[in-house]
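Residue-level structure breakdown
The residues making up each chain are set out below.
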Amino acid sequence: DAKTTQPPSMDCAEGRAANLPCNHSTISGNEYVYWYRQIHSQGPQYIIHGLKNNETNEMASLIITEDRKSSTLILPHATLRDTAVYYCIVRVATGNQGGKLIFGQGTELSVKP
Amino acid sequence: GAVVSQHPSWVICKSGTSVKIECRSLDFQATTMFWYRQFPKQSLMLMATSNEGSKATYEQGVEKDKFLINHASLTLSTLTVTSAHPEDSSFYICSANLFTEAFFGQGTRLTVV
């Protein structure tokens, strides 16, 4: 699986949009971009994933550049509960039979009042 | 979403004893589950892939005789830390895939004294 590069930490004011960047310049054509977050001492939580089109769900939006070499996770209105480590991962979406996730160092997002 | 449950949430054991951690997929079947370990202030490290009805696949550097994995049914995988030592103290997390998404357990905090 391709490696990703993320800034180690970011701050965001409560109520503002949090934009978390991720570089994945060696991504393959069949690899998806996944985002997970981990709140302290809990298991990771799925946020969103995409292949090449922008995606939006109730938690966040995912913007993938046209060349797919980078992406941005957007939390539109960050709250204190969004404080967590955010992981950007690229992998082949192979369903139940495989598709292990290899975690990088992630971005520690601190949402401040 | 799908639920993956780990038991126990935390355990303290004496050095030299063995500890078993359970990972269950509560509302779906998983032929493959994954075990991760996480030390403080570090990212998740994949230890092994648990395969139902066959031997687990261990990542490089992970001792298979120390970390015994059993995946006897489609909803249960167990990780046994044998002859535990203080350096095995860590946060252990399992995951299972459903379609293209990975679901994580809440983690097990192991402290070896």
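Structure report, in brief.

What counts and what doesn't
- Residues numbered from 1 in each chain as written.
- Chains lettered and ligands numbered in written order.
- Predicted model: local features only at pLDDT ≥ 70, side-chain atom pairs only at ≥ 80, totals over all residues.
- Heavy atoms only, no water.
- Contact = heavy atoms within 4.5 Å.
- Buried area = accessible area lost by both parts, 1.4 Å probe.
- Salt bridge = Lys/Arg side-chain N within 4 Å of Asp/Glu carboxyl O.
- Polar contact = N/O pair within 3.5 Å; in protein donor to acceptor, adjacent residues only side chain to side chain.
- Helix = DSSP H or I, 4+ residues; strand = E, 2+ residues; numbered from the N terminus.
- Nonpolar A, V, L, I, M, F, W, Y, C, P; charged D, E, K, R; others polar.
- Core = buried A, V, L, I, M, F, W, Y, C linked by side-chain atoms within 4.5 Å.
- Buried < 20%, exposed > 50% of the residue type's maximum accessible area, 1.4 Å probe, protein only.
- Disulfide = S-S within 2.5 Å.
- 1 Å grid on protein atoms, 1.4 Å probe; cavity = no way out; pocket = protein on both sides within 12 Å on 5 of 7 lines; lining within 4 Å.
- Points joined across faces, edges and corners; volume = space filled by probe spheres on them.

Looking at the interface of chain B and chain A
Taken together, the contact between chain B and chain A spans 23 residues of the former and 23 residues of the latter. Taken together, both faces of the contact between chain B and chain A bury some 1800 Å²; the carbon and sulfur share is 47%. Its largest share of buried area at the contact with chain A, chain B owes to Ser-43, Thr-100 and Phe-104 of chain B, together 27% of the area lost on that side. Our count for the contact surface shared by chain B and chain A stands at 1 salt bridge. Applying the counting rule to chain B against chain A returns 6 residue pairs in polar contact (both at pLDDT 80 or more). Where the side of chain B that touches chain A is concerned, the elements lending two or more residues are strand E4 (32-38), strand E9 (90-98) and strand E10 (101-104) of chain B. Looking at the side of chain B that touches chain A, its residues break down into 10 nonpolar, 10 polar and 3 charged.

Some points on the nonpolar core
Counting residues in hydrophobic clusters, the biggest one holds 26 residues, and the most contacted among them are Val-4, Trp-35, Phe-67, Leu-79, Tyr-92 and Leu-110 of chain B. Contributing elements (two or more residues each) for this core: strand E2 (10-13), strand E3 (19-25), E4, strand E5 (45-51), strand E7 (67-73), strand E8 (76-81), E9 and strand E11 (108-112) of chain B. Residues in contact with Leu-110 of chain B, not counting those within four places in the same chain, are Val-11, Cys-13, Val-19, Val-81, Asp-88, Ser-89, Ser-90 and Tyr-92 of chain B. Judged by nonpolar contacts, the second largest core, of 21 residues, contains Ile-27, Leu-75, Cys-88 and Val-90 of chain A.

Details of the state of the cysteines
For the structure on display, the rule yields 2 disulfides over all chains. Paired by a disulfide, Cys-22 of chain A and Cys-88 of chain A hold their sulfur atoms 2.1 Å apart. Taking the torsion about the S-S bond as the criterion, the Cys-22 of chain A to Cys-88 of chain A disulfide, at about -80 degrees, is left-handed. On the criterion of sequence distance, the pair formed by Cys-22 of chain A in strand E2 (residues 18-23) and Cys-88 of chain A in strand E8 (residues 84-92) is long-range, its members being 66 residues apart. Side by side, Cys-22 of chain A and Cys-88 of chain A carry an identical accessibility label, which is buried. Each disulfide pairs two cysteine sulfurs, and for Cys-23 of chain B the partner residue is Cys-94 of chain B, the sulfurs being separated by 2.0 Å. A torsion of 80 degrees about the S-S bond marks the disulfide between Cys-23 of chain B and Cys-94 of chain B as right-handed.

A look at the layout of surface pockets
As a volume, the largest pocket reaches approximately 670 Å³. Lining the largest pocket we find 26 residues, and of these Val-85 and Glu-108 of chain A together with Gln-38, Lys-41 and Gln-42 of chain B sit closest to its centre. Residue assignment for the lining of the largest pocket shows that the elements contributing at least two residues are E8 and strand E9 (107-112) of chain A. For the lining of the largest pocket, a count of residues per class yields 9 nonpolar, 14 polar and 3 charged. Roughly 200 Å³ of volume is contained in the second largest pocket. Lining the second largest pocket are 11 residues, and of these Gln-45 and Tyr-46 of chain A together with Ala-2, Glu-101 and Phe-103 of chain B lie nearest its centre. For the lining of the second largest pocket, the secondary-structure elements that each account for two or more residues are strand E4 (45-50) of chain A together with E10 of chain B. The greatest single-element share of the lining of the second largest pocket, amounting to 4 residues, is contributed by E10 of chain B. Class assignment of the residues belonging to the lining of the second largest pocket gives a composition of 8 nonpolar, 2 polar and 1 charged.

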